[in-house]
Amino acid sequence: DAGVIQSPRHEVTEMGQEVTLRCKPISGHDYLFWYRQTMMRGLELLIYFNNNVPIDDSGMPEDRFSAKMPNASFSTLKIQPSEPRDSAVYFCASSLGQYNNEQFFGPGTRLTVL
Amino acid sequence: KNQVEQSPQSLIILEGKNCTLQCNYTVSPFSNLRWYKQDTGRGPVSLTIMTFSENTKSNGRYTATLDADTKQSSLHITASQLSDSASYICVVLLSGGYNKLIFGAGTRLAVHP
C-alpha cells in the first residue's frame, strides 16, 4: 500500500483566498483524522471521521474551516477565507478499527498564507 | 486540566550513546499512551502504544516504560544512530467516551557523529 496520500505537499496563497487540502487514506481504514502542527501549538486534532461520518469536530478552530469525506477513499479540508495565522503543516492520518488503534500519518501539506 | 508534558525540550547526544526522554501526564481517564517519532518534514510514525496495564514495551532499540500510578512514561533509546535524530512526541488517549488525543510538545533529539 502507498500509505496515506496528501496533496498538495506545499501550498502558498494570499490572505482571503480559499484553500483546499486533500487526503486519500489507506485502503480499508475506517477512521480518518485531520491534524494541524505549528511550532507554537504542536500537533492539534482538528476533526475525525468514522466510516465517512464526522464524529468530533471540536478541534476545528472556526467556521472558516470545513472538512468533508464524500467516500471512503477521499477527504478534503477547506479553509475559506484563509488568514496568515492558518499557516501550518496539515496532516491527515487514518486507522483501522477502533479509535485507539495505531494511526498512520501522511506526509503533510505545508500551508503558507501571505 | 488534561496535559502532557515532555522533557527535555531538546537534547544532543553522540552517536552510540543511550538517552532517555520523559513524559508526564495528568490525563484522566486514561486509555493508552503512545510514542511517535517525527523526522523533519515528515509525518509522525508510531513507535509504541501502551495501555495502563503494560509497564514496558520495546520496538528494536526503542523501549518505552509506563508507570500508571505516577503518570509517567519514558522512552529509552539504546546505541543511538544518526537516523534517530528527530522529534519524539508523547500522546495520551483520553478515554471515558471522549476519545481525545492529548499531545505533548515533543523532544527534539539530535544525534551527532
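Refer to the structure presented above.
Throughout what follows, the structure given in this document is the object of discussion. (Residues numbered from 1 in each chain as written. Chains lettered and ligands numbered in written order. Predicted model: local features only at pLDDT ≥ 70, side-chain atom pairs only at ≥ 80, totals over all residues. Heavy atoms only, no water.)

A few points about the overall build of chain A
In plain terms, the rule: Labels follow the DSSP assignment, with helices taken as runs of H or I lasting at least four residues and strands as runs of E lasting at least two, numbered in each case from the N terminus. In this description the radius of gyration comes from C-alpha coordinates, and the expected globular size is given by 2.2 Å times residues to the power 0.38. Whether a residue is buried, partly exposed or exposed follows from its accessible area with a 1.4 Å probe, protein chains only, as a fraction of its type maximum: under 20%, in between, or over 50%, in that order. Contacts are assigned to residue pairs that have any heavy atoms within 4.5 Å of one another. Only the protein chains shown count as cover for residues, with accessible areas throughout obtained via the Shrake-Rupley method and a probe of 1.4 Å.
If you tally the helices and strands in chain A, you get zero helices and 11 strands. Of the regular secondary structure in chain A, the N- to C-terminal order runs β-β-β-β-β-β-β-β-β-β-β. The C-alpha radius of gyration of chain A comes to 13 Å, within 12% of the 13 Å expected for a compact globule of 114 residues. Expressed as a percentage of its 114 residues, the buried residues of chain A come to 47%. In chain A, 55% of the contacts between residues at least 6 apart in sequence involve partners at least 24 apart. Of the roughly 5,700 Å² that chain A leaves accessible, carbon and sulfur atoms contribute 50%.

Topic: the interface of chain B and chain A
Cut-off, in case you're wondering: For this analysis, a salt bridge means a side-chain nitrogen from Lys or Arg found within 4 Å of a carboxyl oxygen belonging to Asp or Glu. Polar contacts here mean pairs of N or O atoms no more than 3.5 Å apart (in protein, one a potential hydrogen donor and the other a potential acceptor; neighbouring residues in sequence count only if both atoms are side-chain atoms). Side-chain classes are defined by residue name, with Ala, Val, Leu, Ile, Met, Phe, Trp, Tyr, Cys and Pro counting as nonpolar, Asp, Glu, Lys and Arg as charged, and the others, Gly among them, as polar.
Counting residues at the interface gives 17 residues for chain B, matched by 17 residues for chain A. The interface formed by chain B and chain A contains zero salt bridges. Taken together, the links from chain B to chain A amount to one residue pair in polar contact (both at pLDDT 80 or more). At the level of elements, strand E4 (30-38), strand E5 (45-51), strand E9 (86-94) and strand E10 (100-103) of chain B are the ones that each hand at least two residues to the side of chain B that touches chain A. Grouping the constituent residues of the side of chain B that touches chain A by class yields seven nonpolar, seven polar and three charged.

Let's talk about the pattern of salt bridges
Summed over all chains, the structure comprises 11 salt bridges over all chains. Across the pair A:Arg85 and A:Glu83 runs a salt bridge, and its minimum N-O distance is 2.6 Å. Look at A:Glu83 and you get partly exposed, because its relative accessible area is 23%. Here B:Lys57 and B:Glu54 are joined by a salt bridge, their closest N and O atoms 3.5 Å apart. Residue classification places B:Glu54 among the partly exposed residues on the basis of a relative accessible area of 24%. Taken together, the shared-partner salt bridges connect A:Glu62, A:Arg64, A:Glu83, A:Arg85 and A:Asp86 into one network.

So, unusual backbone geometry
All names here are of chain A. Of note, the amide linkage connecting Ser7 to Pro8 takes the cis form, showing an omega dihedral of -10°. Examined against the element boundaries, Pro8 turns out to sit in the loop between strand E1 (5-7) and strand E2 (10-13). The omega torsion across Gln80 and Pro81 is -10°, close enough to zero to call that bond cis. Structurally, Pro81 is set in the loop between strand E8 (74-79) and strand E9 (88-95). Phi angles above zero are rare outside glycine, and Asn51 is one such case at about 50°. Relative to the elements of secondary structure, Asn51 occurs in the loop between strand E5 (42-50) and strand E6 (53-56).

With respect to the nonpolar core
Going by this rule: Side-chain atoms within 4.5 Å are what join buried Ala, Val, Leu, Ile, Met, Phe, Trp, Tyr and Cys residues into a set we call a nonpolar core.
B:Val4, B:Tyr25, B:Leu33, B:Trp35, B:Leu75 and B:Tyr88 are the most contacted members of the largest nonpolar core, which totals 25 residues. Ranked by residues supplied to this core, first place goes to E9(B) with five residues. Beyond its immediate chain neighbours, meaning those up to four positions away, B:Leu75 contacts B:Cys19, B:Thr20, B:Leu21, B:Trp35, B:Leu47, B:Tyr62, B:Thr63, B:Ala64 and B:Tyr88. Counting 21 residues, the second-largest nonpolar core is a separate cluster that includes A:Trp34, A:Leu46, A:Phe65 and A:Leu77.

Quick look at the sheet that holds strand E6 (residues 56-59) of chain B
Residue and element names in this part refer to chain B. Here is the rule: In short, DSSP must find at least two bridges between two strands for them to pair. Every angle, taken between N-to-C directions, lies between 0 and 180 degrees, and every axis is a line fitted to C-alpha atoms, over only the stretch in contact when it is a helix.
A sheet is described by the order of its strands in space; here five strands give the open sequence E1-E3-E8-E7-E6, paired in antiparallel fashion. At either margin of the open sheet sits one strand with a lone partner, and together these are strand E1 (4-7) and E6. Put simply, the sheet's adjacent strands are angled 15° from each other on average, direction ignored.

Some points on the pairing of strand E7 (residues 62-67) of chain B
Residue and element names in this part refer to chain B. Residues Tyr62, Ala64 and Leu66 line the buried face of E7, whereas the alternating positions Thr63, Thr65 and Asp67 sit on a face that is not buried. Note: E6 against E7, four bridges, orientation antiparallel. Directly across from Ser58, in E7, lies its bridge partner Thr63. Pairing geometry for E7 and strand E8 (residues 72-77), over six bridges, is antiparallel. Counterpart to Tyr62 in the pairing with E8 is Ile77. Where E7 folds back on E8, the antiparallel hairpin that results is connected by four residues, among which Lys71 adopts a positive phi of roughly 60°.

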